[in-house]
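Analysis of the macromolecular model
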Amino acid sequence: TFPSLNEQMDLIREGTEEIIPENELVKKIEKSINNKIPLKVKCGCDPSRPDLHIGHSVVLRKMRDFQDLGHSSILLIGDFTAMIGDPTGRNKTRPQLSMEEAKENSQSYIEQAGVILNKASLEIVYNSDWLSKLNFNDIINISSKYTVAQMIERDDFTKRYKEGLPIALHEFMYPLAQGYDSVVLKSDVELGGTDQKFNLLVGRHLQKVSNQSPQVIITTPLLEGTDGVNKMSKSYDNYIGITENSNDMYGKILSIPDDLMTTYYENLT
């Protein structure tokens, strides 16, 4: 048995930025309750670095909410997409990782995510299991389902294009690869930070053109780092690691500007 529709929606709405579209999520939950079948909720993370920080925990906590409501949660380790490199927010091409680096980083991700998620009811998958098996014909077929005009609508691509900065063709493949993950998994819901909205919508589009029921997108806020200005990131050295020792965590929390205390309280508890 699942909680009532209203109970589920109250918890899901809490701490989220957008639900796209909310009316479809309501219908999916109603169907789930009536058929006694849990929703497939996907959350992906690329192991581009070995550590997760508490900024990542915001979306992981939302995934835990779905677990607590009785739904099926899929943590997707993007070991293959990490080799491409997510162009989100980049003003230059991101360096590519090797498969060995991605695999090594992914092992620590599972351990760290388990601090927040219920590992007993968590399905863990690796997108290299299907993306590495695609041939060139498959890739052309996937690419044919999205236009260059649609791709250039992406903010970071638009900015770089207008400024004459290079955009490598493989960067266009990143959102297509992430979107194809949703087709393979037939996800009902996908979670991500607000900076992932474009990528998540590509998944929804690819499901539509693949005659699947498109996933609902739920975005969560990006947490500012300890500098109080930029989003939390290891690149900015303003992060608090999920598995840092308590003394370091405490010291870093003390450095947060006072005006961020409410934001931290709402998003991290």
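What counts, and at which threshold
One numbering rule holds for all chains: residues counted from 1, following each sequence as written. In keeping with the predicted nature of the model, local features appear solely for residues at pLDDT of at least 70, side-chain atom pairs appear and are counted solely at 80 or more, and the whole-chain, interface and lining totals rest on all residues. Here the side-chain values reflect all heavy atoms present in the structure, with hydrogen atoms and water set aside. Comment: elements are numbered from the N terminus, with helices defined as DSSP H or I runs of at least four residues and strands as E runs of at least two. Accessible area is worked out with a 1.4 Å probe on protein chains only. A residue is then buried under 20% of its type maximum, exposed over 50%, and partly exposed in between. Any two strands are treated as partners once DSSP identifies two or more bridges connecting them. An axis is simply a line fitted to the C-alpha atoms; with a helix, the fit covers only the stretch in contact. Between two such axes, the angle follows the N-to-C directions and lies from 0 to 180 degrees. Aromatic pairs are defined between Phe, Tyr and Trp rings, using the six-membered ring for Trp, whenever the two ring centres lie within 6.5 Å; interplanar angles under 30 degrees are classed as stacked, those over 60 as edge-to-face, and all others as tilted.

Moving on to unusual backbone geometry. Here the amide bond leading from I20 into P21 is cis, since omega sits at -20°, within 30 degrees of zero. Mapped onto the secondary structure, P21 falls in the loop between β1 (18-20) and α2 (22-35). Notably, K186 is not glycine yet its phi reads approximately 55°, a positive angle. Mapped onto the secondary structure, K186 falls in the loop between α10 (169-185) and β5 (189-193). A positive phi angle, near 60°, is found at N211, a position not held by glycine. Locating N211 in the fold gives a position in the loop between α11 (197-209) and β6 (216-220). Residue classification places N211 among the exposed positions, given a relative accessible area of 77%.

Residue position: H170 is located in helix α10. Taking the relative accessible area as the measure of exposure, H170 reaches 24% and is therefore partly exposed. A C-alpha to C-alpha distance of 8.9 Å links H170 and G85, two positions 85 residues apart in sequence.

Turning our attention to the sheet that holds strand β3 (residues 72-77). Ordered by their spatial adjacency, six strands build an open sheet running β1-β6-β5-β2-β3-β4, and the pairing between neighbours is mixed. Of all the strands in the sheet, the pair left with one neighbour each is β1 and β4 (122-126). Going from strand to strand, the sheet's axes swing by 25° on average, the running direction of each strand aside. Pairing of strand β2 (residues 40-45) with β3 involves six bridges; the strand directions are parallel. Considered in β3, the bridge of C43 is made with L75.

The next point concerns the packing of aromatic side chains. Within this structure, the stated rule accounts for two aromatic pairs. Judged by centre distance (6.4 Å) and plane angle (85°), the rings of Y146 and F198 are edge-to-face. With Y146 in the loop between α7 (136-143) and α8 (148-152) and F198 in helix α11, this residue pair connects regions lying 52 residues apart in the sequence. Both residues of the pair, Y146 and F198, count as buried. For the ring pair F157 and F172, a centre distance of 5.1 Å and an interplane angle of 65° mean the geometry is edge-to-face. Of this pair, F157 sits in helix α9 (residues 155-162) while F172 sits in helix α10, placing them 15 residues apart in sequence.

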